[in-house]
Amino acid sequence: MGVIRMSMFDPLRKYATFSGRARRKEYWLWQVFLVLASILFAIWLMSAMPPGWQGTSPEDMEAAMNLGGSASLALWTVLIFSLAMILPSLAVSVRRLHDRDMSGWWILIGLTGIGSLILFIFYLLDGTPGANRHGADPKGRATPGIA
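Residues numbered from 1 in each chain as written. Predicted model: local features only at pLDDT ≥ 70, side-chain atom pairs only at ≥ 80, totals over all residues. Heavy atoms only, no water.

Undergrad: Any chance you could explain the pattern of salt bridges here in plain terms?
TA: As a working rule, side chains carrying opposite charge can pair if their charged atoms are close by. Scanning all chains against the criterion turns up 8 salt bridges. The closest approach of N and O atoms between Glu26 and Arg95, which form a salt bridge, is 2.6 Å. In this pair, Glu26 sits in helix α3 (residues 24-48) while Arg95 sits in helix α6 (residues 86-99), placing the two residues 69 residues apart along the sequence. In this structure Arg95 comes out as buried when scored by relative accessible area, which is 1%. (Salt bridge = Lys/Arg side-chain N within 4 Å of Asp/Glu carboxyl O. Helix = DSSP H or I, 4+ residues; strand = E, 2+ residues; numbered from the N terminus. Buried < 20%, exposed > 50% of the residue type's maximum accessible area, 1.4 Å probe, protein only.)

Undergrad: Is there a simple way to think about the packing of aromatic side chains in this case?
TA: How two aromatic rings sit relative to each other is given by the distance of their centres and the angle of their planes. Under the criterion given, the structure shown has 9 aromatic pairs. Measuring from centroid to centroid gives 6.3 Å for Phe33 and Phe81, while their planes differ by 65 degrees, and the two rings are edge-to-face. Of this pair, Phe33 sits in helix α3 while Phe81 sits in helix α5 (residues 69-84), placing them 48 residues apart in sequence. Given a relative accessible area of 15%, Phe33 falls into the buried group. A relative accessible area of 21% means that Phe81 is categorised as partly exposed. Ring centres of Phe41 and Phe81 lie 5.0 Å apart, and the angle between their planes is 55 degrees; this geometry places the pair in the tilted category. In this pair, Phe41 sits in helix α3 while Phe81 sits in helix α5, placing the two residues 40 residues apart along the sequence. (Phe/Tyr/Trp six-rings, centres within 6.5 Å; stacked < 30°, edge-to-face > 60°.)

The following block contains the structure:
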């Protein structure tokens, strides 16, 4: 369990490190962390909102925008957390592409609809065995063909 926790927070330890390689385990545990954090923030936000905030009339919408105390704190916390997680998320994604011996610039195809699916597939695939131009194999496997 301790190894899983350590791998889950590796992107925070390597906050803006775009060089090197990231195993699938590091990438996907980071995604699990972000999903769990999002769920907890959503629960906090929903419980902090004033009664009747989900109305659709203009008056209800205006009341929801004038949040008080705990709802405002929850909203600002979510905003700051989200902004703080952009760099480690980008960095671990680029390092995951490096593990496949791909340039980090491939991340830009995620800006297209089909590109997101292609990136998803790349993130699912195993990294290249042995060292590549981005560093040593994080799994410690030897380069194929070298005895």
